[in-house]
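Spelled out, the chains give:
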Amino acid sequence: MSLLEVRNLTKSFGGVRAVDDFSFGAEQGEIVGIIGPNGAGKTTAFNLITGVYPLDRGSILLEGKELAGKEQFEITRSGIGRTFQNIRLFKGLSVLENVMTAADPYSPYGLFSLFTLGAAFRRREREVRAAAMEYLALVGLEKYADEKPSNLPYGLQRKLEIARALATGPKVLLLDEPAAGLNPSEVREFIGLVGELRERFGFAVLVIEHRMEVIMTLCSRIYVLNFGKLLASGTPAEIRANHEVTEAYIGKEDASCSV
Amino acid sequence: MDYFVSTVIFTGIALIGVLGVYLITGLTGLFSLGQAAFMAIGGYVSAVLIRNYNVPVVPAVALAIVAAMLAALLVGLPTVRLRRDYISLVTLGFGEAIVALLNNSANITGGAMGISGIPQLTTLPVVLVSVVVCLALVILYKNSKYGRQCLALRSDELAAKSMGIDVYRLKLITFLFAGALTGYSGVLFGFYTTYLEPAAFNWIISAEWTIIVFVGGVNSLTGTVLATILLTWLPEFLRFASEWRVAIYCVIVLLIVNYRTAGIMGERELSPKTLRRLLGRTKEAPR
Ligand SMILES: Nc1ncnc2c1ncn2[C@@H]1O[C@H](COP(=O)(O)OP(=O)(O)OP(=O)(O)O)[C@@H](O)[C@H]1O
Ligand SMILES: [Mg+2]
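First things first, this report covers the structure right here in the doc. (Residues numbered from 1 in each chain as written. Chains lettered and ligands numbered in written order. Predicted model: local features only at pLDDT ≥ 70, side-chain atom pairs only at ≥ 80, totals over all residues. Heavy atoms only, no water.)

### What about the coordination of the magnesium ion (ligand 2)?
- Distances from the magnesium ion (ligand 2) to its protein donors, Thr43 of chain A (OG1) and Gln85 of chain A (OE1), fall at 1.9 to 2.1 Å. In this pair, Thr43 of chain A is assigned in helix H1 (residues 42-49) and Gln85 of chain A in the loop between strand E6 (80-82) and helix H3 (95-103), connecting sequence segments 42 residues apart. (Donors = N, O, S within 2.8 Å, 3.2 Å for Na, K, Ca; no water. Helix = DSSP H or I, 4+ residues; strand = E, 2+ residues; numbered from the N terminus.)

### Notes on the site of ligand 1
All names here are of chain A.
- Around ligand 1 lies a shell of 14 residues, among which Gly39, Lys42, Thr43, Thr44 and Gln85 are the nearest.
- In the model, an oxygen atom of ligand 1 is placed 3.1 Å from a nitrogen or oxygen of the Ala40 main chain.
- Between Glu177 and ligand 1, the recorded distance is 3.4 Å, taken from a side-chain N or O atom to an oxygen atom.
- Elements supplying a minimum of two residues to the shell around ligand 1: strand E2 (16-26) and H1.
- Examining the composition of the shell around ligand 1, we find that three residues originate from one element, H1, more than from any other.
- Looking at side-chain class alone, the shell around ligand 1 contains five nonpolar, seven polar and two charged residues. (Near = heavy atom within 4 Å. Polar contact = N/O pair within 3.5 Å; in protein donor to acceptor, adjacent residues only side chain to side chain. Nonpolar A, V, L, I, M, F, W, Y, C, P; charged D, E, K, R; others polar.)

### Thoughts on the nonpolar core
- Ranked by size, the top nonpolar core spans 137 residues in total, and within it Leu136 of chain A together with Tyr141 of chain B carry the most contacts.
- Top contributing element to this core by residue count: helix H9 (residues 167-193) of chain B, with 16 residues.
- Not counting residues up to four positions away in its chain, the partners in contact with Leu136 of chain A are Val95, Leu96, Val99, Leu141, Glu142, Ala145, Leu160 and Ala163 of chain A.
- Ranked by size, the runner-up nonpolar core spans 27 residues in total, among them Leu48, Ile75, Val172 and Leu174 of chain A. (Core = buried A, V, L, I, M, F, W, Y, C linked by side-chain atoms within 4.5 Å. Buried < 20%, exposed > 50% of the residue type's maximum accessible area, 1.4 Å probe, protein only. Contact = heavy atoms within 4.5 Å.)

### A look at the interface of chain B and chain A
- Facing 30 residues of chain B, the contacting portion of chain A comprises 36 residues.
- With both sides pooled, the region where chain B packs onto chain A buries about 2800 Å², and carbon together with sulfur makes up 60% of that total.
- Of all residues in chain B, the largest losses of buried area upon contact with chain A belong to Lys145, Arg148 and Met163 of chain B, amounting jointly to 26% of the total for that side.
- The interface formed by chain B and chain A includes four salt bridges.
- Linking chain B with chain A are 10 residue pairs in polar contact (both at pLDDT 80 or more), by the criterion used here.
- Elements that contribute at least two residues to the side of chain B that touches chain A include exactly helix H6 (124-142), helix H7 (145-155), helix H8 (157-162) and H9 of chain B.
- Among the elements that make up the side of chain B that touches chain A, the one with the highest residue count is H7 of chain B (seven residues).
- Per-class residue counts for the side of chain B that touches chain A are 14 nonpolar, seven polar and nine charged. (Buried area = accessible area lost by both parts, 1.4 Å probe. Salt bridge = Lys/Arg side-chain N within 4 Å of Asp/Glu carboxyl O.)

Following this line, the structure appears as structure tokens:
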């Protein structure tokens, strides 16, 4: 049994088939890439897995248990963590609090313990703070703990999104274009970071990326989406040799050049 | 001196009510335009229990708070899943419905004539202790998992859900806590004025409280406290007639909206850390 098994994922918006009968999976410790031209339905696939939209059809099994139809917060708590393509950090909170917030749903203390300054509350608050600090240190942000996220440069905000996702305790981590906007040396550093995190936590990673360096270095399996449909899947070598894939991409390059 | 004491008492009572709005609007980003109705529920329930049924004070107060929380549950359950603008409408409707209900059940509430002869139990020490306790509870709430998650959902509800936050439950808990605080402020109010009438609790009060939170700086508790003192005290202090109150609100709101869009305090709080920064470092480090 795969850790994550997605079958026949389908979703239309009005007349647009954003995701069309897409099946894929990921094993424990595996890094899986999802690529495809703009508008191919990659982000929508993530939004379906995390319960942002209901599915039209299909099923999502995590360790054999169905996630489709559950609430977003339940899906996260059962072990799907994510980052967002267009960064969505919590503006009113500090960098550290952003990460703490993602661990807070697992805090068992109640209002009574809080209002009586009970031991359960004080202990858990210390634990969450320490854990969040550790996640920040993992991505190299510990010295920005008290900053507001909006004061961080773009690349660091992306790292904060990852630290926050780690705090949800994922079995599968979904990264949506995590290297967008990074410069070449930051991209290389990022590739190292994802490898380290995988080693440390043993989770599966699904990564959407346009930067081929990231996909080709990290992923053991790649799925190519085009107009919502699976165009090809295979190892990096197989994908590189696939003519249809190159065409889909060259077609897109042409389109963007002619604008 | 009496006049001073009574102003302090009214300010304290208002502050406890505003704390409820702070939780809902400042912390969670929702609007409750019927919040004053919880004050009415607290005041009327405690008054009726004591006057008509000879219930001792402490259980009467406890029951009044429970009644306010039940009402909050009643409004909260169906509304927390609605869009934010609908929540404002539903709470507005609820508040006006409560006022209408009080007006129309004259045999228990005295209707539009109001209810009088409530014992005067609210004294300056009672109000001061109440303010300190309520403020402490709200500070704790803000600096716990509850407050962090509220601020997170206010800033980005979708991302909050994706971090495992059960936003509906959290909104409901916040509604209940706010209802309890505002209900308690109603208890204190009735026990001070010894007289309650439905018209004192219409939506205008709720709107004023919402304005106070905005003037203070949406998620700053310090700002909320300062703005409450400023806006309830200033008109009294300058001995303006009450019709000037609304005009003063408008002027202050316009000034804030134009010159200080984040409110008096913005997101800042008065804490040992900010105090040290204010006193120690005169020049802000550039960033
Ligand atoms: N909420 C929505 N409502 C309507 N249409 C949507 C919605 N979300 C996505 N779409 C449409 O679905 C299609 C797939 O969009 P999606 O964002 O999944 O693409 P993508 O592969 O992530 O592209 P990119 O590489 O640009 O991020 C697009 O045509 C898009 O306009
Ligand atoms: Mg996308």
